[in-house]
Number of protein chains: 2
Amino acid sequence: MSDDVILRPTVNSDRLWADLMAIGEITDPDRPYTRRSFTPLFEEGRAFLREKFEAFGAQVKLDAAGNMIARLEGSDPQLGAIAIGSHSDTVPSGGRFDGVAGVIAGLEILRAIAESGWKPRHPIEIIDFLAEEPSDFGLSCVGSRGMTGQLDGEMLAMVDSGGRVLSNALEEVGGDTATLPSALREDIAAFLELHIEQGPVLEDRGVDIGVVGTIVAIRRIEVAFEGRAAHAGTTPMDLRQDAAVAGAATLVKIRETAERFAADKDSYFVATVGIVEVKPGGSNVVPRTCRLVIDARSDKPEILDRFQEIIDSESVAAAASARVERKSYEVLSDGVPAHCDEELQQHIRVASEELGYASLDLPSGAGHDAAFMARICPVAMVFIPCLGGHSHTPVEWSDQAEVTAGTEVLLRVVERIDLAGG
Amino acid sequence: MSDDVILRPTVNSDRLWADLMAIGEITDPDRPYTRRSFTPLFEEGRAFLREKFEAFGAQVKLDAAGNMIARLEGSDPQLGAIAIGSHSDTVPSGGRFDGVAGVIAGLEILRAIAESGWKPRHPIEIIDFLAEEPSDFGLSCVGSRGMTGQLDGEMLAMVDSGGRVLSNALEEVGGDTATLPSALREDIAAFLELHIEQGPVLEDRGVDIGVVGTIVAIRRIEVAFEGRAAHAGTTPMDLRQDAAVAGAATLVKIRETAERFAADKDSYFVATVGIVEVKPGGSNVVPRTCRLVIDARSDKPEILDRFQEIIDSESVAAAASARVERKSYEVLSDGVPAHCDEELQQHIRVASEELGYASLDLPSGAGHDAAFMARICPVAMVFIPCLGGHSHTPVEWSDQAEVTAGTEVLLRVVERIDLAGG
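What you are looking at is a predicted structure, and each value in this text was computed from that prediction instead of being measured.

What counts, and where the lines are drawn
- Just so you know, the residues in each chain are numbered from 1, in the order the chain's sequence is written.
- In the order they appear in the text, chains get letters beginning with A and ligands get numbers beginning with 1.
- For this predicted model, a pLDDT threshold of at least 70 governs which residues receive local features, and a threshold of 80 or more governs which side-chain atom pairs are given and counted, while totals over whole chains, interfaces and linings are taken from all residues.
- The side-chain figures draw on all heavy atoms in the structure; neither hydrogens nor water molecules are used.
- Copies overlap after least-squares fitting; the atoms used are the C-alpha atoms of residues with pLDDT of at least 70 in both.
- Note that domain bounds follow an automatic or database assignment of domains.
- Throughout, a contact is declared for two residues whenever any of their heavy atoms are within 4.5 Å.
- Throughout, buried area stands for the accessible area (probe radius 1.4 Å) lost by two parts on being put together, summed over both.
- Here a salt bridge means any side-chain nitrogen of Lys or Arg lying within 4 Å of a carboxyl oxygen belonging to Asp or Glu.
- Definition of a polar contact: a pair of N or O atoms within 3.5 Å, with one able to donate and the other able to accept a hydrogen when the atoms are protein atoms, and with sequence-neighbouring residues admitted only if both atoms are side-chain atoms.
- Gly is placed with the polar residues, together with every amino acid not listed as nonpolar (Ala, Val, Leu, Ile, Met, Phe, Trp, Tyr, Cys and Pro) or charged (Asp, Glu, Lys and Arg).
- Working definition: rings of Phe, Tyr and Trp (its six-membered ring) pair if their centres are within 6.5 Å, and the pair is stacked with planes under 30 degrees apart, edge-to-face with planes over 60 apart, and tilted otherwise.
- Here, a charge over a ring is recorded when the distance from Lys NZ or Arg CZ to the ring centre is within 6 Å and its angle to the ring normal is within 35 degrees.

## Some thoughts on the relation of the copies chain B and chain A
Note on the copies: chain B fits chain A at an RMSD of 0.1 Å, the axial shift is 0.1 Å, and the rotation between them is 180°. The two molecules are tied by a two-fold rotation axis, judged by turn and shift. Nearest to the rotation axis, the C-alpha of Ala248(B) is located 2.2 Å from it, this being the minimum over chain B.

## Let's talk about the domain arrangement of chain A
How large an interface is tends to be reported as the accessible area lost when its parts come together. All names here are of chain A. Taken domain by domain, chain A holds domain 1 (13–215 + 338–420) and domain 2 (217–333). Each of domain 1 and domain 2 was reduced to a C-alpha centroid, and the two centroids are 37 Å apart. Taken together, the seven residues of domain 1 in the interface contact four residues of domain 2. A combined buried area of about 390 Å² lies between domain 1 and domain 2, and 61% of that area is made up of carbon and sulfur atoms. In terms of surface lost to domain 2, no three residues of domain 1 exceed Thr-214, Pro-363 and Gly-365, which account for 72% of the buried area on that side. At the junction of domain 1 with domain 2, the criterion picks out zero salt bridges. Here domain 1 is connected to domain 2 by one residue pair in polar contact (both at pLDDT 80 or more). Here the side of domain 1 that touches domain 2 is built from residues that sort into three nonpolar, four polar and no charged.

## So, the interface of chain B and chain A
Chain B puts 53 residues into the contact, and the matching count from chain A is 53 residues. Ranking the residues of chain B by area buried against chain A places Met237(B), Arg255(B) and Ser283(B) at the top, with a combined share of 17%. In this structure, the connection of chain B to chain A is made through zero salt bridges. In this assembly, chain B and chain A are joined by 14 residue pairs in polar contact (both at pLDDT 80 or more).

## Points about the packing of aromatic side chains
All names here are of chain A. Going through the model one piece at a time under the given rule, you end up with 18 aromatic pairs over all chains. One aromatic cluster is present, built from ring pairs that chain together Trp-17, Phe-97 and Trp-397. Of note, Arg-306 hangs over the ring of Phe-261, and the distance from its end group to the ring centre comes to 4.9 Å.

So this is what it looks like as structure tokens:
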């Protein structure tokens, strides 16, 4: 063991933090922090990363799905890669952590390994996935879809507001649609992703490290009511067909049901009505239509099914009570939950404990590249706290100590996987 | 009485109907039926009316507030005028009855009187009030405000979307802001207005004539909630500050309270939430703000006060329950109810009975020029049924027989007032 101790790589917290802050400066100056995929600023961010990786001898390449991959070879050519990754693109006016913190953590880990002289048995890869955030094409996780064989022709034909086709945009950033199947990987032994929690739980409980068990399934449901527009002054209450009344009653039931489901601590559940549209929208007109879009998430699809059934009947009842028609009840999109590997989760728990960090098992309520990667290899995610749970906003923040803790845990997990076998 | 019987004027139903349909053809062809005040089409409508009035010898003039007044002198110069009026302007894509049916009814009554040889003791006037519908300047009842001394400098300074000032627009249609006080009338003995009900009550009950008791007061209240935008996937239900939940719960309470108030048959009450705004409005974002605009109407201001108090505390409770701030609760506009003259109402009831029409006392839930006229003279309104209660839409409809019945009743009321005395 003495040899191992001497060569143990060490995270350089100040260097890690400096790189994270530096790539944050690569932003649309008028909308900090904005580094959208498929833009020159995104390419500038990648050039920054490439230079950092090549400075210590990592090989950098782009795969056919536009993912940038930095790699150090391992000592055992029979072993698959231990991959660490996230994304360097942002939402418009986003923050300096969502995504890129996981890429910079990987950079520091790979650099620390290279500098330490430790030669892992597995190849180690750091992946900057292309376009995790929904780009102007309206598609999220372009790169991780591509790496897991989930990027199909229909998606590649999507068009942005400027008329650009996704397949062309992909080629412009260095991808290659002709050889897209080559991006599908079968040689990854484990995938690890560090990400800010984007929620308030770790901060609230004073915990350093979140061990993600499941990345939830997201189901979006649209409910539309149609009544009759009428004069707000002359139409008696008992003759109205007010669609907004049906919508409001349904929204109240959605909230009540979501709170009841969320109270069951054996599963994760949240539901949100983020879109409420009432038309025609005149102060003196009884509303004719009301449209709600529900976003429901759980680690268990059967819970989403039960929720969907309850709101189906609640919305029918609300429509009947308001004498309007429940015009539609449609699932707009649906997904399956992605489960993190139990052994990898245990590595994170033990690594945290060894390093003196408190950890907490929790689900991820947000989608991540790791959810796609779970289709091709064992995955795990390390969450770090973020201020007030804020994300997708310029005030998004994690402290240097928090980012460092997550990176140290992730490096220790890489060591544990490499030592453990496989 | 034999002399009176011989000279009794008679409504010509076909002529009345032909004129009503003819002026309906004066419309923006792309948006039937649209004849907006302060437009060339509006002037064309007035030219049509002027020609009809002058054809049988009525004097036609414009007052300083832009109202067009057709007049037949009476036999007793000591008596004030019996005035009949409404408005010839429409909302965009409105109907062929709201407003103009009352003007054409007045035209037919004045013409029938002129042709009959009957010389009333009172002068008879037919008034086409300027801009009853909210014009692009955002002000309703411009002409009846002017005739009752309620058109002030602040209103005259209002600007439309094209940058035109109302005072200039008023001059362009023949008004005169310099002599505006001259429009204020003190010589009107009675004001009568025929209008479609714009609601479903008369049709529902199979009644020909509505006898309006009160034109309701309208109070508009804005309620705004502010919570915290948050990630729809990662923010646990019990840590959310969802403004839409507070808004929906308040809307449900508004409806419940309105139904309870409306059930009290001693008074009129309706309340509507026609504007619901939820922001930022992303399907995956917990709403930060929600804004409702309430339109509450009653014949009794104390009922509006009570309603306002109840919704004040209900909205505070809804905000507390959703852990958001009830940011504002503001009265945007308020009015007083206008009461119709009891003697004139009785004339309408008796005239209806004499002519074999069923009548029903009811309040007006919509505002009308008559509500302003009530400040300077006794007023009454005759409502006629309209199909399905529809109004402010191209499908707005009353049958020829319904318009004729209302006109016949109104003519009989003029006779009764003139015969009754002073």
